[in-house]
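Geometric and topological summary
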Amino acid sequence: MSKKHLHRFDYYVLLFFSLAFIGWLWEVVLFYVTDHAFINRGIYRGPYLPVYGVGGLMLCFCFRSLRKKPVRLFFLSMLTCSVLEYLTSYFLELRWGIRWWDYSGHFLNLNGRICLTGAAVFGAGGVALICLFLPLYEKAYQKLSGKWRLWLCLVLLLIFIADATYCAVRPNTGQGISEKSADFR
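These numbers were taken from a predicted model, which means no experiment stands behind them.

Considering the nonpolar core
Core analysis: the largest hydrophobic core is formed by 37 residues, its most contacted members being Leu15, Trp100, Leu129 and Leu134. When contributions to this core are tallied by element, the ones reaching two or more residues are α1 (3–35), α2 (50–63), α3 (70–96), α4 (116–143) and α5 (146–169).

So, the state of the cysteines
What makes a disulfide is a covalent bond joining the sulfur atoms belonging to two cysteines. Per the counting criterion, the structure on display carries zero disulfides. Looking at the unpaired Cys60, the closest cysteine sulfur is the one in Cys62, lying at 9.6 Å. We note that Cys81 lacks a disulfide partner, and the nearest cysteine sulfur, in Cys62, lies 10 Å from it. The class of Cys81 is buried, set by a relative accessible area of 10%.

Examining the layout of surface pockets
Taken as a whole, the largest pocket holds about 1400 Å³ of empty space. Along the wall of the largest pocket there are 46 residues; nearest its centre are Trp26, Glu27, Tyr52, Glu85 and Phe122. Elements supplying a minimum of two residues to the lining of the largest pocket: α1, α2, α3, α4 and α5. Sort the elements by how many residues they give to the lining of the largest pocket and α4 lands first, with nine residues. Of the residues in the lining of the largest pocket, the class split is 30 nonpolar, eleven polar and five charged.

Description of the pattern of salt bridges
Counting across every chain of the model gives six salt bridges. A salt bridge links Asp10 to Arg149; the shortest N-O distance between them is 3.1 Å. Of the two residues, Asp10 sits in helix α1 while Arg149 sits in helix α5, which places them 139 residues apart along the sequence. You can call Arg149 buried: its relative accessible area is 11%. The residue Arg99 makes a salt bridge to Asp102 at a minimum N-O spacing of 3.5 Å. Here Arg99 falls in the buried class, since its relative accessible area comes to 10%. Counted as one network, the salt bridges with shared partners bring together Glu93, Arg99, Asp102 and Arg113.

Calculation rules
- Residues numbered from 1 in each chain as written.
- Predicted model: local features only at pLDDT ≥ 70, side-chain atom pairs only at ≥ 80, totals over all residues.
- Heavy atoms only, no water.
- Core = buried A, V, L, I, M, F, W, Y, C linked by side-chain atoms within 4.5 Å.
- Buried < 20%, exposed > 50% of the residue type's maximum accessible area, 1.4 Å probe, protein only.
- Helix = DSSP H or I, 4+ residues; strand = E, 2+ residues; numbered from the N terminus.
- Disulfide = S-S within 2.5 Å.
- 1 Å grid on protein atoms, 1.4 Å probe; cavity = no way out; pocket = protein on both sides within 12 Å on 5 of 7 lines; lining within 4 Å.
- Points joined across faces, edges and corners; volume = space filled by probe spheres on them.
- Nonpolar A, V, L, I, M, F, W, Y, C, P; charged D, E, K, R; others polar.
- Salt bridge = Lys/Arg side-chain N within 4 Å of Asp/Glu carboxyl O.

No statement about biological role is implied by the geometric values presented.
Okay, structure coming up:
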């Protein structure tokens, strides 16, 4: 494998985990503020929500060139992330028969899977990701040696694979996490 491919591999793996962690942190803080309780959101046990990592990577691949067009970026991020959230919700419910979120009580929701407020947050998040976070991430990425980046990728991927394997059989459905165990607003 060439150095160019390794660079792309570790760059995107670390970006995925950074965004998945930031998404997890966002949701934990949001639920702490609204419900006054620490809730480990998502189907995995680790501090990451892969839907945020996947969504962020999609935005980076598709819309990085729109850094100087934040209004367009906002609306495309709203659309892209809302479609991803809808499909993810549908897949999770189809696979496990459980809803991990339900926006039925929110304004302009679609089958309780997505809503206007969530879409607007994703739009703002997409602008923040492309215009603010990526330049900072690239600087931090460059400061790590290639050897450390690859080791970090290996460790994160092994932990993630173990967590995903376990949660494929026993997904995280504790109090406040899924419809099965919690009432949604």
